[in-house]
Amino acid sequence: MPDPVLSVRNLTAGYNGVQAVRDLNFDVGAGEVVALLGPNGAGKTTALLSIVGLVPLMSGEVLALGEKVEVKRTHRLARRGVMLVPDDRGVFFGLSVREHFRLAHRRPDRERQREVLDRFPALRDIQGRRAGLLSGGEQQMLTIAKAILAKPKVLMIDEMSLGLAPKIVQEMLPSIRDLARDEGIGLVLVEQHIELALSVADRGIILNHSRVVLDASAKSLLDRREDVEAAYFGVDEYGAGAVLPS
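Read on for a plain summary of the structure.

Cut-offs applied
Residues numbered from 1 in each chain as written. Predicted model: local features only at pLDDT ≥ 70, side-chain atom pairs only at ≥ 80, totals over all residues. Heavy atoms only, no water. 1 Å grid on protein atoms, 1.4 Å probe; cavity = no way out; pocket = protein on both sides within 12 Å on 5 of 7 lines; lining within 4 Å. Points joined across faces, edges and corners; volume = space filled by probe spheres on them. Helix = DSSP H or I, 4+ residues; strand = E, 2+ residues; numbered from the N terminus. Nonpolar A, V, L, I, M, F, W, Y, C, P; charged D, E, K, R; others polar. Core = buried A, V, L, I, M, F, W, Y, C linked by side-chain atoms within 4.5 Å. Buried < 20%, exposed > 50% of the residue type's maximum accessible area, 1.4 Å probe, protein only. Contact = heavy atoms within 4.5 Å. Polar contact = N/O pair within 3.5 Å; in protein donor to acceptor, adjacent residues only side chain to side chain. Axes fitted to C-alpha atoms, helices over the stretch in contact; angles between N-to-C directions. Left-handed = near helix turned anticlockwise from the far one by under 90°.

Attention now goes to the layout of surface pockets. The computed volume of the largest pocket comes to approximately 780 Å³. Taken together, 26 residues form the lining of the largest pocket, with Ala78, Met83, Ala104, Lys146 and Ala147 sitting closest to its centre. Top element by residues in the lining of the largest pocket is helix α2 (residues 74-80). It accounts for five residues. Residue composition of the lining of the largest pocket, by class: 13 nonpolar, seven polar and six charged. Taken as a whole, the second largest pocket holds about 270 Å³ of empty space. The wall of the second largest pocket is formed by 13 residues, among which Arg102, Pro108, Asp109, Arg110 and Gln113 lie closest to the centre. Taken together, the elements giving at least two residues each to the lining of the second largest pocket come down to α3 (97-104) and α4 (110-119). No other element matches α4, which puts four residues into the lining of the second largest pocket. When its residues are assigned to classes, the lining of the second largest pocket shows four nonpolar, two polar and seven charged.

A few words now on the nonpolar core. Among the nonpolar cores identified, the biggest contains 50 residues, and Phe120, Leu123, Ile144, Leu155 and Ile157 are the most heavily contacted of them. For this core, the element with the most residues is helix α5 (residues 136-149), which contributes seven residues. When near neighbours in sequence (up to four residues on either side) are disregarded, Leu155 contacts Met83, Val85, Ala147, Ile148, Ile185, Gly186, Leu187 and Val188. If you look at the next biggest cluster of nonpolar residues, it comprises 28 residues, including Leu24, Phe26, Val28 and Met156.

Another point: the side chain of Thr46. Mapped onto the elements of the fold, Thr46 is located in helix α1 (residues 44-51). Taking relative accessible area as the criterion, Thr46 reaches 8% and is therefore assigned buried. For Thr46, the side chain forms a polar contact with the side chain of Tyr15, separated by 3.0 Å.

Before going further, it helps to spend a moment on the packing of α4 against α5. Here α4 crosses α5 at 145°, and the two axes come no closer than 10 Å. Note on packing geometry: the crossing formed by α4 with α5 is right-handed. Where α4 abuts α5, its residues Arg112, Gln113 and Val116 lie against Ala145, Ile148 and Leu149. Within the contact of α4 with α5, the residues separate by chemical class into four nonpolar, one polar and one charged.

Structure (structure tokens):
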């Protein structure tokens, strides 16, 4: 089996000595989609920030593309192909879609841009429009399009559905899943919407109270919704973590 593009080992991280996520373990292979799920405050965003080195680890380690991730070296990590799409979308309201593309990929690559616009055709006819005039869904498409212009090998997306109508999310997620599989990108989706995320994922990990409470294949989790709801809402029998058969 090929080496994973991302390995998280016993990751514990937090703020001011307080653990926000504890003992997190998972691998992501090329073309694999892993959904990191859980309620607000479960530690999902902290996990992503610590994976890219923006939050120091209290213990454990992260290997991305075979190399250990260093704290505060996120720009180097991005150049190697490990990208994080934050939950605030990170667009500049005064810049157009076309200008965002230029910022994201300073060396023009028209073929790559065509490929990206094929994934998100809604952006094709609004390239001259300022980001501040885009809908929430269009802004999110732009944010993800910027990331994939750089041909990432690992892509992490934090709360893609935040503030969006479920219909928009249902349209975007399959395109992102297909992108990961077509280009061999290891994809981590952080989400609160369980079924939408699991519908496109290969594996699901549910965090609650800062730790993993359930880890299984997406199919297994979709087939066992009562177990998933119990883990998500913190029922005691899942308090120590569980691994369902795949």
